[in-house]
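# Descriptive structure summary
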Amino acid sequence: MPLGTIAVYNKAEGVGIIADEHGERHPFSGMETQTTREGQRVAFEVVGAKATNVIAVR
């Protein structure tokens, strides 16, 4: 799973954007993670253009 950070998160809509280590951005749904802080490091998979299986890196 690649690592990245949450670049943008809209709490009202429960959606955000993850920036990976290469600067590429992937949208994700807050339904997939308990992590909602911008700047939080996460591990994730990509299906199509969307990040999935988002897990906070402790």
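The name that an unreviewed UniProt entry assigns to the chain is CspA family cold shock protein, with the source organism given as Streptomyces echinatus.

Per the secondary structure count, the chain includes 0 helices and 5 strands. Along the chain, helices and strands appear, N-terminal first, in the series β-β-β-β-β. Taken over the C-alpha trace, the chain has a radius of gyration of 10 Å; the compact-globule value for 58 residues is 10 Å, and the two agree within 12%. Taking the principal axes of the C-alpha coordinates as reference, the chain spans close to 25 × 25 × 20 Å. Per-residue burial over the chain gives 38% buried out of 58 residues. Taking contacts inside the chain between residues at least 6 apart in sequence as the whole, the part at least 24 apart equals 34%.

On to the pairing of strand β3 (residues 25-29), then. Pairing of strand β2 (residues 15-20) with β3, which is carried by 5 bridges, proceeds in the antiparallel orientation. By the bridge assignment for β3, glycine 16 is matched with phenylalanine 28. Connecting β2 to the antiparallel partner β3 that follows it, the hairpin turn spans 4 residues, and glycine 23 within it adopts a positive phi of roughly 85 degrees.

Turning our eyes to something else, we now look at the packing of aromatic side chains. Summed over the entire model, instances satisfying the criterion amount to 1 aromatic pair. For the ring pair tyrosine 9 and phenylalanine 28, a centre distance of 6.0 Å and an interplane angle of 25 degrees mean the geometry is stacked. Here the residue tyrosine 9 occupies a position in strand β1 (residues 3-10), and phenylalanine 28 occupies one in strand β3, the gap between them amounting to 19 residues. As far as burial versus exposure is concerned, tyrosine 9 and phenylalanine 28 are alike and both buried.

On to the pairing of strand β5 (residues 50-56), then. Strand direction decides the pairing type here: strand β4 (residues 41-47) and β5, joined by 5 bridges, are antiparallel. Across the sheet, residue alanine 43 finds its bridge partner in β5, namely isoleucine 55. If you look at the hairpin formed by β4 and β5, you'll find 2 residues sitting between the two strands, and glycine 48 has a positive phi there, around 65 degrees.

The rules behind these values
- Residues numbered from 1 in each chain as written.
- Predicted model: local features only at pLDDT ≥ 70, side-chain atom pairs only at ≥ 80, totals over all residues.
- Heavy atoms only, no water.
- Helix = DSSP H or I, 4+ residues; strand = E, 2+ residues; numbered from the N terminus.
- Rg over C-alpha atoms; globule rule 2.2 N^0.38 Å.
- Buried < 20%, exposed > 50% of the residue type's maximum accessible area, 1.4 Å probe, protein only.
- Contact = heavy atoms within 4.5 Å.
- Pairing = 2+ DSSP bridges.
- Phe/Tyr/Trp six-rings, centres within 6.5 Å; stacked < 30°, edge-to-face > 60°.

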